[in-house]
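# A closer look at the structure
One letter stands for each residue in the lines below.
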There are 2 protein chains.
Amino acid sequence: MHDSDSLGIVSPQRMHFDSPLSLRSGAVLDSFELTYETYGELNPAKSNAVLICHALSGSHHVAGVYADNPKSTGWWNNMIGPGKPIDTRRFFVIGINNLGGCHGSTGPISINSKTGKRYGPDFPLVTTGDWAETYARFADRLGIDCFAAVIGGSLGGMSALQLALDAPERVRHTIVIAAAAKLTAQNIAFNDVARQAILTDPDFYGGDYYSHGTFPRRGLRLARMLGHITYLSDDSMASKFGRELRNGTFAFNFGVEFQIESYLRYQGDKFADQFDANTYLLMTKALDYFDPAQDCDGDLQAAFARAQADFLVLSFSSDWRFSPERSRTIVKALVASKRNVSYAEIPSSHGHDSFLMKDDYYHQLMRAYMHNISI
Amino acid sequence: MHDSDSLGIVSPQRMHFDSPLSLRSGAVLDSFELTYETYGELNPAKSNAVLICHALSGSHHVAGVYADNPKSTGWWNNMIGPGKPIDTRRFFVIGINNLGGCHGSTGPISINSKTGKRYGPDFPLVTTGDWAETYARFADRLGIDCFAAVIGGSLGGMSALQLALDAPERVRHTIVIAAAAKLTAQNIAFNDVARQAILTDPDFYGGDYYSHGTFPRRGLRLARMLGHITYLSDDSMASKFGRELRNGTFAFNFGVEFQIESYLRYQGDKFADQFDANTYLLMTKALDYFDPAQDCDGDLQAAFARAQADFLVLSFSSDWRFSPERSRTIVKALVASKRNVSYAEIPSSHGHDSFLMKDDYYHQLMRAYMHNISI
């Protein structure tokens, strides 16, 4: 990773917030912390800040690598760095672990100061609206009145969009990638099966598995395996794995027979080793709840009328989780709301995961759009 | 159900087979039983027999109702009966529970005469090829040299196709509905997540849950919830459930919030009360293994060259589990093999489940095709 356009070694930081945060659910957090990273330098006018919002399983560690682990490259390292599409020589780039996360920001695995124990199931469910409020408080602390850009893919795109609606004066450009204006019944259905896998795992103990010394590993593993199917396209699975057999012939048992089984189980195992089940539940609920048109009787145009930012909306041809059609719905409503909006559907065979991958056309678009942002 | 075109009361029968059955896996069953139902009368020439092959969770109980349970209508009652598209005034219609099933035919829940206990995990995995052989033996016992038609949807369509290839002289017409020539990596992936849900359920006990007095209910429930998502179209879910909330507002907990969650959990619960987990595992493996072109180096046309039957292939526009494209692959290979083949893509919003539903155009096509079969 020590190529010339890489950020090299990076470190996370923490910021503590003491004033209470009233959440959309009605719950109140008396205090909370956010873990974040920054790359590049904030200019004296504080006009070059770019906020990166992460997706379901992402974190604040967006780019660069940690000194103690050469394999710890950030999840969007191909996009962010000196000379990269989101150029850290020009922009001050910020990654924040969302409230409720399991990578350092206050969440279910954090110690609840009132009880001295981990929050577990007592940690309230949060929404993109709650996150938008934490982003605004965070910006205030750094003296950033307005982000040059707020950018995210999937749930991160929804979070970016939410901030543009909730705090229009804080965002000059919003980049919404591989997202949707709300989840469909099918999207919610997939999320609910994933949740049921965790919730019904006997090791879940109503979310209080920490104090039982267990972990709902089976459930989280299943949830991730299922999620992973929806992140890849049928075609990419076909070209990567097809019906290839692991050992050449059918074994006629329930071990791994097809390569795709090996891949999925590996992905599930790996994820279950490093993510928190309560956070996974919470993040899927944040997805389900996202629906900016809800307060406007389903009228997305009316909801978007609040926005002041310019928009870039990107979708990927083979994404069936949040298809290009879903992005076009956002674009149409933004256009109808007289927003300045650019849109591109990027040909890609990699499904929803395309937003994380290096693709020339995709990166050129991002580079061009970012280049045109004045600072 | 006591409409004039209904079969009324029906009863299952059993047939015992004493000569050993060598399975594709290499395992041998010394004896086995098949549970079946018949509707209509076999004509003296024995030329009017129609075999219905069931899908993953189906059974021999295809039409009519059981005397002791007015809610026990057969799974394809809208298609089969006096005056219906598969007209029992003209055809002798047979439903068979597949070997390995849990509705009466020998399967994992059956008593293994060698041990005096249920087979459980000792029941061998079976393939559509094994089923085809049992269908042939069954036909022999009834003196049926050749079926007028063999018909099935989904896995049932694959079973019908397999019989037409393995015993070409036994089938005059094959009707393959909402099926595919083989599963894709994505299809296998969904099956494997479902299997992993069952296999990792602590109540599974390696498949020997019968002797532990448990049942892997959580796993089977998840498997069915997941399967159900793939049976419905995105559009049908959207029009049936949309983002409708059960109680009007978000509850901010993990209970049922959206109607789709209520529906899916109900479907999962109902299924887990009435199906056997080992049979579910076995049926999904039979799907994975189905690949008639495998013995011909992937050349489907070469595989189909064995067939002698005429074919009707039907697909449904909104079926994303086995899309119309997958049916067209079958049709193209049949045409290239010089088979007589009819094909229709039926406009429908109900996804894969369309094959079970009453639709005018679908039923008219079936009626017309069946009408033209000489007996």
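Residues numbered from 1 in each chain as written. Chains lettered and ligands numbered in written order. Predicted model: local features only at pLDDT ≥ 70, side-chain atom pairs only at ≥ 80, totals over all residues. Heavy atoms only, no water.

What counts here: UniProt positions are given in the numbering used here, feature names are shortened, and annotations may be inferred rather than shown by experiment.
Looking at an unreviewed UniProt entry, one finds chain A named Homoserine O-succinyltransferase and attributed to Nitrosomonas halophila. According to its UniProt record, chain A has this under Catalytic activity (unreviewed entry): "L-homoserine + succinyl-CoA = O-succinyl-L-homoserine + CoA".

### Notes on the overall build of chain A
Definition in use: Strands here mean DSSP runs of E at least two residues long; helices mean DSSP runs of H or I at least four residues long; both are numbered from the N terminus. Three exposure classes are used, based on accessible area relative to the maximum for each residue type with a 1.4 Å probe and protein chains only: buried under 20%, partly exposed in between, and exposed over 50%. Two residues qualify as a contact provided that any one of their heavy atoms is within 4.5 Å of a heavy atom in the partner residue. Using a 1.4 Å probe, the Shrake-Rupley method yields the accessible areas, and only the shown protein chains count as cover for residues. In summary, the charge assignment counts Lys and Arg as positive and Asp and Glu as negative, without counting His or the chain termini. Just so you know, the charge point we use is NZ for Lys, CZ for Arg, CG for Asp and CD for Glu.
In terms of regular secondary structure, chain A is built from 11 helices and 14 strands. Its C-alpha atoms put chain A at 65 × 50 × 50 Å along the principal axes. Counting only residues that meet the buried cut, chain A has 61% of its 375 residues in that class. In chain A, the share of contacts with a sequence separation of at least 24, taken over all contacts with a separation of at least 6, comes to 71%. Of the accessible surface of chain A, which amounts to about 13,800 Å², a share of 47% is contributed by carbon and sulfur atoms. Distance from the positive charge centre (35 side chains) to the negative charge centre (40 side chains) of chain A: 1 Å.

### What about the side chain of R224 of chain B?
Residue and element names in this part refer to chain B. Under the convention used in this document: Only one rule defines a salt bridge in this text: a Lys or Arg side-chain nitrogen within 4 Å of an Asp or Glu carboxyl oxygen.
As for its position among the elements, R224 is in helix α5 (residues 217-231). For the buried R224, no salt bridge is present, and the opposite-charge side chain at shortest range is D353, 6.8 Å distant. Discounting residues that sit within four places of it in the chain, R224 has contacts with S57, Y231, Q267, G268, F271 and Y280.

### Thoughts on the relation of the copies chain A and chain B
Relating one copy of the chain to the other requires a rotation about an axis plus a shift along that axis. Selection rule: Superposing copies: least-squares fit, C-alpha atoms only, residues required to have pLDDT of at least 70 in both.
Relative to chain B, chain A is turned by 180 degrees and slid 0.0 Å along the rotation axis, the superposed coordinates differing by an RMSD of 0.0 Å. What we have between these two chains is a two-fold relation. Here 100% of the interface residues in chain A have copies in chain B that are interface residues too; the copies meet face to matching face.

### Digging into the UniProt feature "site: Important for acyl-CoA specificity" (unreviewed entry) in chain A
Residue and element names in this part refer to chain A. The UniProt record marks R321 with the feature "site: Important for acyl-CoA specificity" (unreviewed entry), using the residue numbering of this structure. Relative to the helices and strands, R321 is located in the loop between β13 (310-316) and α10 (324-336). For R321, a relative accessible area of 9% puts it in the buried group. If we ignore the near neighbours within four places in the chain, the residues touching R321 are L56, N187, N191, T230, Y231, L287, R326 and H352.

### As for the nonpolar core
Quick note on the threshold: Nonpolar core, defined: a set of buried Ala, Val, Leu, Ile, Met, Phe, Trp, Tyr and Cys residues in which side-chain atoms within 4.5 Å join the residues together.
Core analysis: the biggest nonpolar cluster contains 192 residues, and I260 and Y280 of chain A together with I260 and Y280 of chain B have the highest contact counts within it. In this structure, Y280 of chain A is in contact with L56, A194, I198, L220, A223, R224, Y231, F271 and F275 of chain A, ignoring residues within four places of it in sequence. Within the second largest apolar cluster, 31 residues are counted, among which are A55, I80, A148 and M366 of chain B.

### With respect to the sheet that holds strand β14 (residues 341-346) of chain B
All names here are of chain B. Put simply, the rule is: One bridge is not enough; two strands pair if DSSP finds at least two bridges between them. Think of each axis as a best-fit line through the C-alpha atoms, taken over the contacting stretch in the case of a helix, with angles from 0 to 180 degrees between the N-to-C directions.
If you walk across this open sheet you meet the eight strands as β1-β4-β8-β5-β11-β12-β13-β14, and the pairing is mixed. Single-partner strands in this sheet number two, and they are β1 (13-17) and β14. With strand direction ignored, the average angle separating the axes of adjacent strands in the sheet is 20 degrees. Here four bridges tie strand β5 (residues 49-53) to strand β8 (residues 92-96), and the two strands are oriented parallel to one another.

### Some details on the packing of aromatic side chains
Put simply, the rule reads: A pair of aromatic rings is counted whenever rings of Phe, Tyr or Trp (Trp by its six-membered ring) have centres within 6.5 Å, and the orientation is called stacked for planes under 30 degrees apart, edge-to-face for over 60 and tilted otherwise. Two conditions define a charge located above a ring, namely a distance within 6 Å from the ring centre to NZ of Lys or CZ of Arg, and an angle within 35 degrees of the ring normal.
Evaluation of the coordinates by the stated rule reveals 36 aromatic pairs over all chains. Ring centres 5.6 Å apart and planes at 75 degrees place the aromatic pair F271 of chain A and Y280 of chain A in the edge-to-face group. Look at F271 of chain A and you get buried, because its relative accessible area is 4%. Both rings, one in F275 of chain B and one in Y280 of chain B, keep their centres 6.2 Å apart while their planes meet at 90 degrees; by these two values the pair is edge-to-face. The exposure class assigned to Y280 of chain B is buried, which follows from its relative accessible area of 2%. Taken together, the ring pairs in this structure connect F190 and W320 of chain A together with F190 and W320 of chain B into an aromatic cluster. Between the NZ or CZ atom of R118 of chain A and the centre of the ring of Y210 of chain A, over which it lies, the distance is 5.7 Å.

### Some remarks on the UniProt feature "active site" (unreviewed entry) in chain A
Residues and elements named next belong to chain A. UniProt records the feature "active site" (unreviewed entry) at S154, D319 and H352, using the numbering of this structure. These annotated residues cover 199 residues of sequence, and their C-alpha atoms all fall within 10.7 Å of one another, placing them together at a single site. With respect to the secondary-structure elements, D319 resides in the loop between β13 and α10. In this structure D319 comes out as buried when scored by relative accessible area, which is 2%. Those residues in contact with D319 that sit more than four places away from it in its chain are A178, P324, G351 and H352. With respect to the secondary-structure elements, H352 resides in the loop between β14 (341-346) and α11 (360-371). Residue contacts for H352: discarding those within four places in its chain leaves S154, A178, T230, Y231, D319, R321 and F322.

### Details of the interface of chain A and chain B
Test applied: Once two parts are put together, the accessible area they lose, assessed with a 1.4 Å probe and summed over both, is termed the buried area.
Contacts between chain A and chain B engage 52 residues on the former and 52 residues on the latter. Both faces considered, chain A and chain B share a buried interface measuring about 4,700 Å² in area, 68% of it formed by carbon and sulfur atoms. Of all residues in chain A, R243, F252 and F254 of chain A bury the most surface against chain B, accounting for 17% of the area lost on that side. Between the two partners, chain A and chain B, sit eight salt bridges. The salt bridge involving E257 of chain B is made with K285 of chain A; its shortest N-O contact spans 2.7 Å. Among the elements that line the side of chain A that touches chain B, the one with the most residues is helix α3 (residues 185-199) of chain A, at 11 residues.

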